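Chain by chain, the residues:
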Amino acid sequence: MSEHASRRAAPRSPMAAPRSFLWTRRIFLTLLTAFVVLPVYVMVSSSLKPLEDVSGKFEWIPSGLTLRPYVDIWETVPLADYFVNSIVVAGAATVFSVAVAIFAAYAVSRYTFRGKRVFTVTVLSTQMFPGILFLLPLFLIYVNIGNATGIALFGSREGLILTYLTFSLPFSIWMLTGYFDSIPRELDEAAKVDGCGPISALFRVIVPAASPGIIAVAVYAFMTAWGEVLFASVMTNDTTRTLAVGLQGYATQNDVYWNQVMAASLVVSVPVVVGFLLLQRYLVAGLTAGAVK
Amino acid sequence: MTETAVAHPTEPAVRKATPGEARAPRRSGRRRIALPYLLLLPALLLELLVHLVPMLMGIVMSFKELTQFYIRNWGEAPWSGLDNYTVAIDFDAPVGQALLKSFLTTCLFTLLSVGLCWFLGTAAAIFLQENFRGRGFLRTLFLVPYALPVYAAVITWAFMFQRDNGLINHVLHDQLGIGDSPAFWLIGDNAFYTLLVVSVWKGWPFAFLTVMAGLQNIPRDMYEAAALDGAGVWKQIRHITLPSLRSVNQVLVLVLFLWTFNDFNTPFVLFGKAAPESADLISLHIYQSSFQTWNFGTGSAMSVLLLLFLLVVTGVYLLLTSRGRKTSDV
Amino acid sequence: MRRVRAAVTGVVTLSLAFTATACGGGEGSSSSPKTLTYWASNQGASLEIDKKVLQPELDQFEKETGIKVKLEVIPWSDLLNRILTATTSGQGPDILNIGNTWSASLQSTGALLPWDAKNLEAIGGKDRFVDSALGSTGVPGKEPAAVPLYSMAYALYYNKQMFKDAGIAKPPTTWDEVIAAGKKLSKDGKAGIGVEGSNLSNNIHQVFVLGKQHGADFFTADGKPDFTSDGAVAAVKQYIDLMAVQKIVAPGNAEYAQNQSLSDFAKNKTGMVLWQTPSQTFSSQGMGPDEWGVAPAPVPSGKPGQGAQTNSMVAGINLAVFKNTKNLDGALKFVKYMTSDEEQIALNKAYGSVPPVKSAQKDAAFADPSLTVIRDTLATSAAALPQVPEESQFETVVGTAVKELFADAAAGRPVTTESVKAKLEKAQQQMPKK
């Protein structure tokens with residue numbers, strides 16, 4: 001792979017594409033767009049309906065529009081608190097996960113050392129652990145750490161950050177090792193000739209060149225933490241509950257507030273989708289920035 | 001297990017040329033040796049704390065009779081030897097039968113879901129490789145399913161799949177007139193397809209993202225050379241794009257497989273605590289066997305069996321794909 | 001060389017950063033005698049409403065005793081798991097609400113404080129509580145694992161206008177009358193009665209009562225599962241037959257698990273529903289209190305009573321003390337406070353339930369006709385679900401069996417005595433061996 005890893009973004013040949021290609025593309029992308037958009041449309045339209053309407057037959061065009069759900073969502077559950085929790089937890093987990101993964105991937109990609117295979121295989125195999133298997137033990141460990149040292153890991157944001165950052169770690173390390181491998185070693189060699197040590201070579205040369213990979217990994221780490229339900233439902237309490245669990249609060253003992261579920265989902269999704277929009281620019285920029293050749 | 005070590009897609013390349021390595025002896029030896037370990041240390045500690053030690057505890061639990069009578073002090077729960085395992089794999093008794101059925105369902109589900117995710121992701125990435133109007137918009141739009149919190153997305157699908165009030169039946173039955181009476185999607189046999197649709201909707205953007213990143217590494221001149229040789233777009237995709245994605249795909253398919261196989265969130269939010277038999281995925285099944293029936297010993301035993309299965313599959317997969325790669329490289 | 005050192009420093013700093021983040025707040029069971037942690041279940045229309053209802057009462061308690069109560073309202077989806085993990089780790093609240101049907105199961109874990117004579121004395125004695133509610137606090141003959149807090153029972157709710165339109169003069173009292181009324185109501189896309197076919201707990205509540213009416217218990221006297229007796233099979237079949245044979249339940253109800261049957265009722269799509277205290281839901285779905293009526297849940301014949309005349313399970317919430325509490329004295333004071341007449345009246349009024357405390361029941365607030373039906377049912381004709389440690393497993397496996405049978409019925413597949421028995425047989429084999 002490394003021999004043809006040119007650092008240039010590669011659109012296909014500028015030669016005019018044949019009609020068959022254009023039509024296939026048009027049809028495929030149209031269908032795919034419909035598939036992607038459908039639930040989003042349902043969310044938007046249902047979030048604007050009164051409760052009686054959403055618990056009745058589906059209508060494409062809402063008969064009566066109301067902004068009431070957008071007001072009620074803040075009352076039904078402490079959505080703002082959950083939101084802050086999710087941002088803090090997912091954000092911190094992402095930053096640390098990416099940092100730890102960069103170091104580990106650098107070691108695996110650029111050095112040969114005893115135990116390297118054991119490390120990669122072990123880290124990789126943790127992706128196979130069914131969450132159920134270690135949910136309870138992990139909880140017990142956190143509690144015991146808490147009892148022994150006074151560091152409250154269970155029920156706290158910190159415990160969740162630690163858990164989530166580790167969840168995304170194996171894949172991040174793996175992915176980044178691949179990216180680092182594809183960066184020609186001549187680059188860090190050149191940096192070292194200029195007097196850089198291994199760490200500054202990592203940060204000055206490899207990290208910028210691998211930024212698309214790093215961004216992809218960061219996005220992955222963020223989303224892993226953002227959407228996780230099982231561990232969050234057991235490891236959080238009132239004050240640390242994240243959105244993924246908190247949104248379930250709209251289904252209460254008495255009622256499912258479908259319109260509020262949809263409104264809340266939209267409200268909490270908007271910042272994330274905007275975040276993606278911004279990252280897109282970096283994604284593209286990162287790809288061209290790597291052109292040191 | 002050591003065979004899987006060959007696994008790393010780019011390992012051969014690393015061994016072939018590592019200039020840093022060649023220079024190593026000239027530096028201060030001890031520090032040189034310590035550095036990679038120091039770099040790995042944080043990752044290692046975290047893995048130990050969150051994954052490895054808990055997993056070992058889980059394995060220990062699987063040999064204990066850890067029912068509701070003992071969970072309060074599980075250290076004192078009596079050892080039960082292989083009892084939990086014999087219950088789990090006694091395929092003539094209902095518990096084992098249900099586990100086997102759930103396992104087979106999960107296999108089929110994973111196969112279809114990964115296949116579709118990969119196909120949609122790859123196709124979309126290739127179609128969006130070249131610039132055209134609306135490309136940036138679509139690229140962002142396609143990431144929306146990935147950006148939505150799982151709970152929000154899945155509950156919306158559950159809302160749409162309701163029999164009497166949902167959009168799906170409104171379209172299929174009321175508007176297109178398919179079927180005599182509206183179908184059930186959240187219970188009965190159709191639940192499998194419901195789960196598949198939701199899982200693909202949620203999962204394919206990841207494949208899209210990964211393949212898109214992989215496409216960036218294909219040098220432009222390869223296409224130019226092919227174009228000079230008179231290869232059309234379809235041919236270029238077949239002969240340049242797809243083969244170049246090989247190593248990306250190797251990783252992608254494997255992680256999609258593992259995530260889909262272990263996915264808990266989707267079926268849990270979609271069906272609640274008791275999934276219909278047709279969509280009873282293994283993770284939810286184990287959850288039910290441990291949390292719902294408070295038998296953490298049997299639940300752990302099932303998890304360990306699942307883990308062994310995944311280890312074997314992954315090992316074989318990596319062995320096969322790596323060998324394939326090596327021969328094709330020659 | 002310096003750079004290598006820099007690298008090492010970097011790594012060390014990073015690891016320290018981890019430790020630093022891990023040093024933040026967090027909270028656990030309170031150890032100081034001046035605080036208590038209380039896990040409340042979600043009783044009101046939302047978690048926030050629960051907080052608004054409970055917080056003033058907790059403030060009042062603090063004023064009286066100087067003990068501050070930290071409140072956490074936990075959604076039902078998480079409550080049992082949270083209790084289980086608290087049990088496993090020993091780190092939990094001081095006081096907690098539990099569904100009363102979980103009493104025996106949680107009792108067997110040993111995580112809850114047994115209410116021996118001394119502890120009961122501290123809260124005013126056993127005699128303050130209604131008998132039926134006490135019957136759902138743990139395995140009979142053992143010291144109760146919890147005390148009753150709120151009580152509810154099933155009743156038949158009917159749509160007054162739909163009854164009038166169909167020419168039904170008075171609400172049905174027997175199953176035959178329910179079916180007759182249901183058939184009159186089932187026309188023009190409307191249905192006679194609603195069920196929640198995919199809601200495991202609700203399924204259990206209904207088939208348990210029908211089982212009683214057929215003389216069947218789902219457990220033998222010595223606590224062994226007994227799901228396949230003729231009575232149990234007949235009970236389950238009778239419930240499914242409302243959809244499969246009598247056709248007074250719309251097939252769509254088979255997938256209901258989130259109270260959709262209540263919205264159907266509120267939208268005049270079904271004429272009857274068997275439920276526990278749904279008035280809040282009706283009004284949030286736009287149905288006023290004048291539009292529905294309430295009657296005792298049906299029996300095979302005659303009047304509701306004990307044994308085969310049972311027409312409801314004893315539904316409700318119990319209050320338990322976590323055994324690991326470091327503030328037992330404060331916890332007992334809190335339970336005493338929550339079960340005092342004044343608090344019982346205030347809380348049960350807010351939640352539309354009935355106080356399980358005899359003296360509080362007499363309050364005028366519970367003389368409303370819709371609540372007297374429930375009060376009478378609890379007093380005369382409600383039975384506690386089996387008080388065995390395996391109750392929770394029973395709910396899962398039998399509830400699932402009923403759900404699957406509804407799915408069969410809805411898909412038009414025949415549901416026979418044999419197929420019901422086979423499903424129950426399978427459920428029974430999934431129960432833990434004794």
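For clarity, every value in this text was computed on a predicted model and none was experimentally measured.

## What to know about the overall build of chain A
Next, step 1: Helix and strand counts for chain A come out as 13 helices and zero strands.
Next, step 2: Relative to its full complement of 293 residues, chain A shows a buried share of 58%.
Next, step 3: When contacts within chain A are restricted to residue pairs at least 6 apart in sequence, long-range pairs at least 24 apart make up 75% of them.

## Things to note about the overall build of chain B
Next, step 1: The number of helices and strands found in chain B is 16 helices and zero strands.
Next, step 2: Looking at chain B as a whole, 52% of its 330 residues qualify as buried.
Next, step 3: For chain B, contacts bridging at least 24 residues in sequence account for 65% of all contacts bridging at least 6.

## Digging into the sheet that holds strand β3 (residues 95–99) of chain C
Residue and element names in this part refer to chain C.
Next, step 1: The strand order across the open sheet formed by five strands is β2-β1-β3-β10-β4, and the pairing between neighbours is mixed. With partners counted over all chains shown, the strands left at the sheet margins are β2 (68–74) and β4 (147–152), one partner each. With direction set aside, neighbouring strand axes in the sheet form an average angle of 20°.
Next, step 2: Two strands pair when backbone bridges link them, and β4 and strand β10 (residues 315–321) are joined in this way by five bridges, in the antiparallel orientation. Directly across from V147, in β10, lies its bridge partner L319.

## Thoughts on the nonpolar core
Next, step 1: Counting residues in each nonpolar core, the largest one holds 325 residues, and the members touching the most others are A:A104, A:L176 and C:V236.
Next, step 2: If one sorts the elements of this core by residue count, helix α4 (residues 79–110) of chain A sits on top with 16 residues.
Next, step 3: Excluding residues within four positions of it along the chain, A:A104 makes contact with A:I173, B:L39, B:L40 and B:A43.

## Some thoughts on the sheet that holds strand β6 (residues 191–194) of chain C
Residues and elements named next belong to chain C.
Next, step 1: With mixed pairing, the four strands of this open sheet are ordered in space as β6-β7-β5-β8. Only two strands of the sheet have a single partner each, and these edge strands are β6 and β8 (292–296). Between one strand axis and the next, the sheet turns by 20° as a mean value, whatever way the strands run.
Next, step 2: Each of β5 (155–159) and β8 is contacted by helix α16 (residues 369–381), which is oriented at about 15° to β8, the strand it contacts most.

## Brief notes about the confidence of the model for chain A
Residues and elements named next belong to chain A.
Next, step 1: Looking at chain A, pLDDT values average 82 and 89% of them are 70 or higher.
Next, step 2: The secondary-structure element of chain A with the lowest mean pLDDT is helix α13 (residues 258–289), recorded at 72, while α4 shows the highest, at 93.
Next, step 3: In the model, residues 1–10 has pLDDT below 50 throughout and makes 29 contacts with residues more than four positions away in sequence or in other chains.
Next, step 4: Low confidence marks residues 284–293, where pLDDT is under 50. Its contacts with residues over four positions away, or in another chain, come to 18 contacts.

## Examining the environment of B:P205
Residue and element names in this part refer to chain B.
Next, step 1: Relative to the helices and strands, P205 resides in helix α10 (residues 191–215).
Next, step 2: P205 sits in the buried class, given 24 other C-beta atoms within 10 Å.
Next, step 3: Taking C-alpha positions, P205 is 9.2 Å from W118, a pair spaced 87 residues apart along the chain.
Next, step 4: Ignoring any residue separated from it by four or fewer positions in sequence, one finds P205 in contact with F142, L143, P145 and Y146.

## Digging into the domain arrangement of chain A
Residues and elements named next belong to chain A.
Next, step 1: Once the domains are mapped, chain A shows domain 1 (20–66) and domain 2 (74–289).
Next, step 2: Inter-centroid distance (C-alpha atoms) of domain 1 to domain 2 is 31 Å.
Next, step 3: Across the contact, nine residues belong to domain 1 and seven residues belong to domain 2.
Next, step 4: Looking at the side of domain 1 that touches domain 2, the elements with two or more residues in it are α1 (19–47) and α2 (51–54).
Next, step 5: No other element matches the four residues that α1 contributes to the side of domain 1 that touches domain 2.

## So, the environment of A:S55
Next, step 1: Checked against the element boundaries, A:S55 lands in the loop between α2 and α3 (68–76).
Next, step 2: Take A:S55: there are 26 C-beta atoms within 10 Å of it, and that puts it in the buried class.
Next, step 3: Each C-alpha atom of the pair A:S55 and A:R185 lies 61 Å from the other, and the pair is 130 residues apart in sequence.
Next, step 4: Apart from residues no more than four positions distant in its own chain, A:S55 is found in contact with A:W258, C:Q260, C:S263 and C:Q285.

Each value, and the rule that gives it
- Residues numbered from 1 in each chain as written.
- Chains lettered and ligands numbered in written order.
- Predicted model: local features only at pLDDT ≥ 70, side-chain atom pairs only at ≥ 80, totals over all residues.
- Helix = DSSP H or I, 4+ residues; strand = E, 2+ residues; numbered from the N terminus.
- Buried ≥ 20, exposed ≤ 12 C-beta atoms within 10 Å, placed from the backbone.
- Contact = placed C-beta atoms within 7 Å.
- Pairing = 2+ DSSP bridges.
- Axes fitted to C-alpha atoms, helices over the stretch in contact; angles between N-to-C directions.
- Core = buried A, V, L, I, M, F, W, Y, C linked by C-beta atoms within 7 Å.
- pLDDT = per-residue confidence, 0-100.
- Domains from an automatic or database assignment.

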